[in-house]
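# Topology and contacts: notes
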Amino acid sequence: MSHHDNKPPKVCIVCGMPLKDKNDYPGGDTSLDWCKYCGTKDGIHPYKKLLEGMAKFLQQTQGMSEEESKKAAKQMVDSSPAVKMGKVKVAE
Ligand SMILES: [Zn+2]
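This write-up is about the structure you can find in this document.

## What about the environment of Lys-89?
Looking at the element boundaries, Lys-89 is found in the segment after helix H3 (81-84). The exposure class of Lys-89 is exposed, given its relative accessible area of 68%. Sequence separation between Lys-89 and Asp-24 is 65 residues; the distance between their C-alpha atoms is 23 Å.

## Looking at the pattern of salt bridges
Scanning the model with the defined rule gives three salt bridges in all. The shortest N-O distance in the salt bridge between Lys-70 and Glu-66 comes to 3.1 Å. Of this pair, Lys-70 and Glu-66 are both found in helix H2 (residues 66-78), four residues apart, which corresponds to roughly one turn of the helix. Lys-70 gets classed as partly exposed once you look at its relative accessible area, which sits at 48%.

## Regarding the coordination of the zinc ion
Around the zinc ion, the donor atoms from the protein are Cys-12 (SG), Cys-15 (SG), Cys-35 (SG) and Cys-38 (SG), and they sit 2.3 Å away. Donor residues for the zinc ion, ordered by position in the chain, follow C-x2-C-x19-C-x2-C. Residue Cys-15 is located in the loop between strand E1 (10-11) and strand E2 (18-19), and its partner Cys-35 is located in the loop between E2 and strand E3 (39-40); the two are separated by 20 residues in the primary sequence.

## Describing the packing of helix H1 (residues 47-62) against H2
Packing of H1 against H2 leaves a shortest axis separation of 8 Å and a crossing angle of 125 degrees. Comparing the axis directions of H1 and H2 gives the class oblique. Handedness of the crossing formed by H1 with H2: right-handed. Here Tyr-47, Leu-50, Leu-51, Met-54, Ala-55, Leu-58 and Gln-59 of H1 lie close against H2, whose contacting residues are Glu-66, Ser-69, Lys-70, Ala-72, Ala-73, Lys-74, Met-76, Val-77 and Asp-78.

## Let's talk about H1
Over its 16 residues, H1 extends 21 Å from the first C-alpha to the last, a length consistent with the 22 Å expected when each residue adds 1.5 Å. Regarding H1, the residues found buried are Tyr-47, Leu-50, Leu-51, Met-54, Ala-55 and Leu-58. Down the axis, H1 shows its buried residues gathered within 125 degrees of arc, on one side only. Those residues of H1 that are exposed and aimed more than 90 degrees away from the buried face are Lys-48, Glu-52, Lys-56 and Gln-60. Here the buried face of H1 lies against strand E4 (43-44) and H2.

What counts, and at which threshold
- Residue numbers here run from 1 along each chain, matching the order of that chain's written sequence.
- Totals for whole chains, interfaces and linings use all residues, but because this is a predicted model, local features are given only for residues with pLDDT of at least 70 and pairs of side-chain atoms are given and counted only at 80 or more.
- Here the side-chain values reflect all heavy atoms present in the structure, with hydrogen atoms and water set aside.
- Numbering goes from the N terminus for both helices and strands, where a helix is a DSSP run of H or I of at least four residues and a strand is a run of E of at least two.
- Relative accessible area decides the class of each residue, using a 1.4 Å probe on protein chains only: under 20% of the type maximum gives buried, over 50% gives exposed, and in between gives partly exposed.
- Salt-bridge detection follows one rule: a side-chain nitrogen of Lys or Arg within 4 Å of a carboxyl oxygen of Asp or Glu.
- Each metal's donors are the N, O and S atoms found within 2.8 Å of it, except that Na, K and Ca use a 3.2 Å limit; water is left out, so coordination can look incomplete.
- Whenever a helix is involved, its axis is fitted only over the stretch in contact; in every case the axis is a line through C-alpha atoms, and angles between N-to-C directions fall within 0 to 180 degrees.
- If an angle is under 35 degrees, it is roughly parallel; if it is over 145, roughly antiparallel; if it lies from 65 to 115, roughly perpendicular; otherwise it is oblique.
- Here is the rule for handedness: rotate from the far helix to the near one, and if that takes an anticlockwise turn smaller than a right angle the crossing is left-handed, while a clockwise turn gives right-handed.
- Working rule for contacts: check all heavy atoms of both residues, and any pair within 4.5 Å makes them a contact.
- A helix is expected to span 1.5 Å for every residue after the first.
- What the arc describes is the spread of directions from the helix axis to the C-beta atoms.

Here it is as structure tokens:
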């Protein structure tokens, strides 16, 4: 149990997923700022891989078409804190 239960949970700087539990982090490393879907303990996935992963997730969970999901994924990643902080480079 944590002694910081009054603090709001950290969220992934790429996808915004709440990082509530050790299991939400890559390799269980709670010092990281991203979730296990957006990177490994060595770093955030490259831009293209982030878009692919997020598009697939949106197709599966939101029932979006491939085209819709790709647009939505690009919007989400492009406006994420990770991009604003320069931790993910937007590539064409
Ligand atoms: Zn994430």
